[in-house]
Amino acid sequence: MDAVLVVNADLGPLHRVTVQHAIRMLCRRVAEIHEAEPDRLIGVFPMPRVVRLVRYVVTRWRFSSGPAWSRGGVLHRDGWRCAYCDGPGSTIDHVLPRSRGGRNTWRNTTAACYECNQRKGDRTPAEAGMPLRREPVTPTWAALAGR
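Residues numbered from 1 in each chain as written. Predicted model: local features only at pLDDT ≥ 70, side-chain atom pairs only at ≥ 80, totals over all residues. Heavy atoms only, no water.

Some details on the overall build of the protein chain
Then, number 1: When its secondary structure is counted, the protein chain shows five helices and six strands.
Then, number 2: Order of helices (α) and strands (β) in the protein chain, N terminus to C terminus: β-β-α-β-β-α-β-β-α-α-α.
Then, number 3: For the protein chain, the spread of C-alpha atoms along the three principal axes comes to 65 × 30 × 20 Å.
Then, number 4: In the protein chain, buried positions account for 38% of the 147 residues.
Then, number 5: Long-range contacts, defined here as pairs at least 24 residues apart, represent 54% of the contacts in the protein chain between residues at least 6 apart.
Then, number 6: Per element, the accessible surface of the protein chain, about 9,300 Å² overall, is 54% carbon and sulfur.
Then, number 7: The average position of the 23 basic charges and that of the 13 acidic charges among the side chains of the protein chain differ by 5 Å. (Helix = DSSP H or I, 4+ residues; strand = E, 2+ residues; numbered from the N terminus. Buried < 20%, exposed > 50% of the residue type's maximum accessible area, 1.4 Å probe, protein only. Contact = heavy atoms within 4.5 Å. Areas by Shrake-Rupley, 256 points an atom, 1.4 Å probe, with all protein chains shown as cover. Lys, Arg positive; Asp, Glu negative; His and termini not counted. Charge placed at Lys NZ, Arg CZ, Asp CG, Glu CD.)

Next comes the structure, spelled out in structure tokens:
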């Protein structure tokens, strides 16, 4: 077992941490064991499966407008696949080119292979005759965190 689930004080799941990190949380007394593996000890602590935070942590940011735009986030969202030919995508393409006022937003960027990105150039997909295979969307926190 290499990951321990951390739950909030109200038992809402937060994230996963390593066993070593969970033990440090127990030593600092910011968390307590909620569920443990039977008959396995790490020092004086039972081997934790789930630790619960002692104090409630506000997670309002998780339910905001979503994660900030990033180049790596776009590639991860699109599964490193080109939106035009479905080949391996390693570059970012702006649906509305930056020279025409397109911005770095989730709904205006998509993963593309180098060849398709060069072929599309400074045009919209309709002008280039290259329809998108999937529309860009704003991902959720869970979608980007799911690895």
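Having seen the structure, we can now continue with the description.
As for the sheet that holds strand 2 (residues 13-17)
Then, number 1: Across the sheet, which stays open at both edges, the four strands sit in the order 2-1-4-3 with mixed pairing between neighbours. The sheet is open, and its two edges are formed by strand 2 and strand 3 (31-42), each paired on a single side. With strand direction ignored, the average angle separating the axes of adjacent strands in the sheet is 25°.
Then, number 2: For strand 3 and strand 4 (residues 45-53), the ladder comprises seven bridges, and the chain directions are antiparallel. Bridge pairing in strand 4 links Ala36 to Pro48.
Then, number 3: Here helix 1 (residues 19-28) sits on the sheet and contacts strand 1 (4-7), strand 2, strand 3 and strand 4; the angle it forms with strand 4, its principal contact strand, is near 75°. (Pairing = 2+ DSSP bridges. Axes fitted to C-alpha atoms, helices over the stretch in contact; angles between N-to-C directions.)

Here's the deal with the state of the cysteines
Then, number 1: Applying the stated rule across the entire model yields zero disulfides.
Then, number 2: Summary of cysteine pairing: Cys85 is not part of a disulfide, and the nearest cysteine sulfur, belonging to Cys113, is at 3.7 Å.
Then, number 3: Cysteine Cys116 is unpaired, with the sulfur of Cys113 as its nearest cysteine sulfur at 3.5 Å. (Disulfide = S-S within 2.5 Å.)

Thoughts on the domain arrangement of the protein chain
Then, number 1: Parsing the protein chain into structural domains produces domain 1 (3-61) and domain 2 (71-138).
Then, number 2: Taking only C-alpha atoms into account, the centre of domain 1 sits 41 Å from that of domain 2. (Domains from an automatic or database assignment.)

A look at the pairing of strand 6 (residues 109-112)
Then, number 1: Here strand 6 shows a buried face lined by Thr109 and Ala111 and a second buried face lined by Thr110 and Ala112.
Then, number 2: Sheet analysis places strand 5 (residues 91-94) next to strand 6, joined by four bridges and oriented antiparallel. Residue pairing in the sheet places Asp93 in a bridge with Thr110 of strand 6.

Thoughts on the pairing of strand 2
Then, number 1: Here strand 1 runs beside strand 2; their pairing, made up of four bridges, is antiparallel. When the sheet's bridge partners are listed, Val7 is paired in strand 2 with Pro13.
Then, number 2: Turn length for the strand 1-strand 2 hairpin, with the two strands adjacent in sequence and antiparallel, is five residues, and the turn residue Leu11 shows positive phi of about 75°.

Some points on the nonpolar core
Then, number 1: One finds Val4, Val6, Val51 and Leu53 to be the most contacted residues of the largest nonpolar core, which totals 13 residues.
Then, number 2: Put simply, the parts of the chain that give this core at least two residues each are strand 1, strand 2, helix 1 and strand 4.
Then, number 3: The greatest single-element share of this core, amounting to five residues, is contributed by helix 1.
Then, number 4: Ignoring any residue separated from it by four or fewer positions in sequence, one finds Val4 in contact with His15, Arg16, Val17, Thr18, Val19, Ala22, Pro48, Arg49, Val50 and Val51.
Then, number 5: Grouped together as the second largest cluster of nonpolar side chains are seven residues, Cys82, Cys113, Ala128 and Met130 included. (Core = buried A, V, L, I, M, F, W, Y, C linked by side-chain atoms within 4.5 Å.)

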